[in-house]
Amino acid sequence: MRPHVVIVGGGFGGLATARELANVDVDVTLLDRRNHHLFQPLLYQVATAALSPSDIAYPIRAALSSQKNARVLLAEVRRIDPVGRRIELDDGELTYDYLVVATGATHSYFGKDWAHLAPGLKSIEDATEIRRRVFLAYEAAERETDPERQKEWLTFVVVGGGPTGVELAGALGEIGLHTLAHDFRKIDPTNVHVVLFEGGDRVLSSYPAKLSEAARQQLERRRVEVRLNAVVSEIDERGVIAGGERVGARTVLWAAGVKASPLGADLGAPLDRAGRVIVTPELSVPGHPEIFVIGDLAKMDHPDGGQVPGVAQGAIQGGKHVARIIAGEPRTPFRYHDKGNMATIGRASAIVATKRFSLSGVVAWMLWWVVHIFFLVGFRNRALMMLHWGWSWLTFRRGSRLITGATGALPAIHSATLVQRAPMPRAQETRASSLGN
Ligand SMILES: Cc1cc2nc3c(=O)[nH]c(=O)nc-3n(C[C@H](O)[C@H](O)[C@H](O)COP(=O)(O)OP(=O)(O)OC[C@H]3O[C@@H](n4cnc5c(N)ncnc54)[C@H](O)[C@@H]3O)c2cc1C
């Protein structure tokens with residue numbers, strides 16, 4: 001009988017674990033509630049219509065099809081019983097010899113009921129919901145005859161100045177300036193207003209201060225208003241209140257907080273404030289050497305001090321580490337190899353921070369681009385993404401501007417709807433088109 005390794009989660013950590021076990025004498029079962037591995041770093045490109053969902057998602061089954069010792073099951077894990085070495089699924093149960101839990105993280109609204117008002121970005125469904133809201137807001141603005149209400153439709157608020165918030169805000173700024181500049185008759189693209197609220201005193205606080213400043217400037221070049229030290233205290237259908245001031249906006253996006261997947265609580269291990277499992281140095285659950293927790297669900301300390309960040313590399317390296325232990329290698333402490341961090345602000349604009357150097361601007365963006373193409377799973381996805389990106393780059397267009405799902409209540413159409421705005425003055429138009437080049 002070969003040991004049965006159950007991996008819960010086919011994200012970065014789970015998939016890396018399964019692949020590392022390819023030539024090991026074990027049977028691997030990988031469970032995920034979705035049938036696809038998702039490249040989350042490019043989700044914002046789907047949310048802002050530059051890429052399609054299938055460009056950044058790949059069937060887990062296809063990713064492991066040639067690995068004979070692995071099987072993939074589409075299933076939601078409901079509960080883990082560490083004492084009985086059993087996991088309960090939505091319809092059934094499984095036993096294991098080794099368990100690797102890699103179920104990641106989800107949004108946190110700090111106990112507020114804001115999820116329906118301000119969607120976050122974590123899944124394909126989230127991305128298409130954000131895309132729906134953004135492009136519906138433009139449709140509503142085109143119908144709107146009241147200038148104040150039109151302003152609300154054309155104001156986009158992003159809450160949280162981390163990488164996801166910065167990437168979303170930059171892309172929203174570019175949509176107003178470039179993508180939709182000529183597609184509407186009543187919308188003056190210079191009236192599109194993107195506001196990024198950050199509670200701290202700089203955006204991208206995990207990066208060196210000079211890169212935060214570079215990012216802020218690059219955002220402002222895309223007409224994103226960056227409000228620092230501004231904590232959002234209220235959100236409703238018509239806007240937000242931050243720092244005591246109200247900003248009217250029909251589209252509010254959430255990029256301010258994450259919490260760990262609830263499955264971690266089943267393991268009987270201590271949790272940190274974000275619900276992450278505090279693992280041993282070799283990434284197992286205290287008292288259960290047969291259970292490992294990796295990726296965003298684990299609070300992993302670095303042997304030299306500090307914490308392993310919640311990034312794809314942390315999950316991938318953690319997954320490979322536990323696979324080697326399962327394969328029989330010594331239970332050494334996990335050492336995270338920091339390859340650096342990068343975030344993009346928009347067309348030809350990004351920041352990169354490594355131990356050796358930091359960069360911002362076009363060169364950083366090219367590096368960002370190469371790395372993201374390289375790590376994308378599946379040849380088809382890489383080829384398609386290069387094609388889509390090339391097209392968007394040349395034409396300033398975003399080819400995936402589909403509004404899916406319900407359109408909801410838009411302003412009523414009547415004769416006044418058909419009144420056109422005055423054509424945009426040539427000088428302004430040129431300025432709008434040159435931004436971000
Ligand atoms: C918008 C966004 C942008 C990001 N950008 C970057 C970036 O630029 N660079 C970077 O390094 N990192 C980035 N990250 C972080 C990175 O994506 C995460 O650190 C990484 O995905 C963590 O990997 P993981 O394996 O722990 O979890 P995930 O990749 O989230 O995978 C978790 C998997 O578990 C499955 N699952 C969850 N619960 C269950 C259950 N109960 N039953 C069955 N299956 C379940 C999910 O369906 C999912 O497939 C970004 C994250 C987001 C959300």
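Above this text is the structure in question.
Quick look at the structure, then. Because the structure is a prediction, the values reported are computed rather than measured.

Cut-offs used in this document
- Throughout, residues of each chain are indexed from 1 in the direction in which the sequence is written.
- Reporting in this predicted model follows two pLDDT cut-offs: at least 70 for local features of residues, and 80 or more for side-chain atom pairs to be given and counted; totals over whole chains, interfaces and linings ignore these cut-offs and use all residues.
- Note: side-chain values were computed over all heavy atoms of the structure, leaving out hydrogens and water.
- In this description a helix means any DSSP run of H or I spanning at least four residues, a strand means any run of E spanning at least two, and both kinds are numbered starting from the N terminus.
- Here the radius of gyration uses the C-alpha set of atoms, whereas the globule reference equals 2.2 Å times the residue count to the power 0.38.
- In this scheme, a residue with accessible area under 20% of its type's maximum is buried, one over 50% is exposed, and one in between is partly exposed, where area comes from a 1.4 Å probe on protein chains only.
- Only the protein chains shown count as cover for residues, and the accessible areas themselves come from Shrake-Rupley with a 1.4 Å probe.
- The charge count includes Lys and Arg as positive and Asp and Glu as negative, but it does not include His or the ends of the chains.
- The atoms used to mark charge sites are NZ of Lys, CZ of Arg, CG of Asp and CD of Glu.
- Throughout this description, a polar contact denotes any pair of N or O atoms lying within 3.5 Å of each other; where both atoms belong to protein, one of them has to be capable of donating a hydrogen while the other can accept it, and for residues adjacent in sequence the pair is counted only when both atoms sit in side chains.
- Pairing between two strands is assigned when DSSP locates at least 2 bridges connecting them.
- Under this scheme, a helix contributes an axis fitted over its contacting stretch, all axes are lines through C-alpha atoms, and angles between N-to-C directions fall in the 0 to 180 degree range.
- We call two residues in contact when some of their heavy atoms are within 4.5 Å.
- Seen with its strands pointing away from the viewer, a crossover is right-handed when the path leading from the first strand over the helix to the second is clockwise.
- Aromatic rings from Phe, Tyr and Trp, taking only the six-membered ring of Trp, are treated as a pair when their centres fall within 6.5 Å; an angle between ring planes under 30 degrees marks them as stacked, one over 60 as edge-to-face, and anything in between as tilted.
- Only lysine NZ and arginine CZ atoms are considered, and such an atom sits over a ring when it is within 6 Å of the ring centre and within 35 degrees of the ring normal.
- Take the far helix as the reference: if the near one is turned anticlockwise from it by less than a right angle, the crossing is left-handed, and if turned clockwise, right-handed.
- Polar here means any residue outside two lists: the nonpolar Ala, Val, Leu, Ile, Met, Phe, Trp, Tyr, Cys and Pro, and the charged Asp, Glu, Lys and Arg; Gly therefore counts as polar.
- Nearness is defined per residue: one heavy atom within 4 Å of the molecule or strand is enough.

## Considering the overall build of the chain
So, step 1. Counting secondary structure elements, the chain contains twelve helices and 25 strands.
So, step 2. Here the C-alpha atoms of the chain give a radius of gyration of 23 Å, agreeing with the 22 Å that 2.2 N^0.38 yields for 437 residues.
So, step 3. By its C-alpha atoms, the chain is 75 × 50 × 45 Å across when sized along the principal axes.
So, step 4. When the 437 residues of the chain are sorted by exposure, 52% land in the buried category.
So, step 5. For the chain, the accessible area works out to roughly 19,700 Å², and carbon and sulfur atoms hold 54% of it.
So, step 6. Where the 51 positive side-chain charges of the chain centre and where its 45 negative ones centre are 5 Å apart.

## A word on the side chain of Arg276
So, step 1. Mapped onto the elements of the fold, Arg276 is located in the loop between β18 (258-260) and β19 (277-278).
So, step 2. The exposure class assigned to Arg276 is buried, which follows from its relative accessible area of 18%.
So, step 3. Among the polar contacts made by the side chain of Arg276, one reaches the side chain of Asp272 at a distance of 2.8 Å.
So, step 4. Side-chain polar atoms of Arg276 contact the side chain of Gln307, separated by 3.1 Å.

## Overview of the sheet that holds strand β8 (residues 92-95)
So, step 1. Across the sheet, three strands lie side by side as β6-β7-β8; this open sheet has antiparallel pairing. Bordering the open sheet on either side are β6 (77-81) and β8, each of which pairs with just one other strand. Averaged over all pairs of adjacent strands, the angle between their axes in this sheet comes to 20 degrees, without regard to strand direction.
So, step 2. Sheet analysis places strand β7 (residues 86-89) next to β8, joined by four bridges and oriented antiparallel. Considered in β8, the bridge of Ile87 is made with Leu94.

## Digging into the environment of Ile241
So, step 1. For Ile241, the position within the fold is in strand β15 (residues 239-242).
So, step 2. Distance in space between the C-alpha atoms of Ile241 and Val231 is 8.5 Å, their sequence separation being ten residues.
So, step 3. In contact with Ile241, other than residues within four places in its own chain, are Val231, Val232, Ser233, Glu234 and Arg246.

## Here we look at the pairing of strand β2 (residues 27-32)
So, step 1. Burial analysis of β2 places five of its six residues in the buried class, the great majority of the element.
So, step 2. With five bridges joining them, strand β1 (residues 4-8) and β2 adopt parallel strand pairing. Bridge assignment links Val8 to a residue of β2, and that residue is Leu31.
So, step 3. Handedness of the β1-helix α1 (residues 12-20)-β2 crossover: right-handed.
So, step 4. Where β2 lies against strand β5 (residues 70-74), five bridges are found, and the strand directions are parallel. Within β5, the position partnered with Val28 by the bridge is Ala70.

## Observations concerning the packing of aromatic side chains
For any pair of aromatic rings, geometry is given as the distance between the ring centres together with the angle between the planes.
So, step 1. Throughout the structure, instances matching the rule amount to seven aromatic pairs.
So, step 2. Where Tyr109 meets Trp254, the ring centres are 4.9 Å apart and the plane angle is 25 degrees; that geometry is what we call stacked. Taken together, the residues span a long stretch of sequence, with Tyr109 in the loop between β10 (105-107) and α5 (124-143) and Trp254 in strand β17 (residues 251-254) at a distance of 145 residues. Pair check on accessibility: Tyr109 and Trp254 agree, each one buried.
So, step 3. Aromatic pair Phe110 and Trp254: ring centres 6.0 Å apart, planes at 65 degrees, arrangement edge-to-face. Linking Phe110 in the loop between β10 and α5 with Trp254 in strand β17, this pair joins segments that are 144 residues apart in sequence.
So, step 4. Owing to a relative accessible area of 4%, Trp254 belongs among the buried residues under this scheme.
So, step 5. Taken together, the ring pairs connect Tyr109, Phe110, Trp114 and Trp254 into an aromatic cluster.
So, step 6. If you follow Arg250 out to its NZ or CZ, it ends over the ring of Trp153, 4.3 Å from the centre.

## Considering the packing of α1 against helix α9 (residues 312-326)
So, step 1. α9 packs onto α1 with a crossing angle of 35 degrees between their chain directions and a minimal axis gap of 7 Å. Here the hand of the crossing between α1 and α9 comes out right-handed. Residues Phe12, Gly13, Ala16, Thr17 and Glu20 of α1 form the contact with α9, whose own contacting residues are Ala312, Ala315, Ile316, Gly319, Lys320, Val322, Ala323 and Arg324.
So, step 2. Taken together, the residues of the contact of α1 with α9 break down into seven nonpolar, three polar and three charged.

## Concerning the site of the ligand
So, step 1. Within the structure, the ligand sits among 27 residues, and Gly13, Asp32, Gln40, Asp296 and Ala312 are positioned closest to it.
So, step 2. Within the side chain of Asp32, a nitrogen or oxygen atom sits 2.6 Å from an oxygen atom of the ligand.
So, step 3. Residue Gly310 places a main-chain N or O atom 3.1 Å away from an oxygen atom belonging to the ligand.
So, step 4. Relative to its unbound accessible area of 1,000 Å², the ligand is 88% covered by the protein chains.
So, step 5. Going through the elements one at a time, α1 and α9 are the ones with two or more residues in the shell around the ligand.

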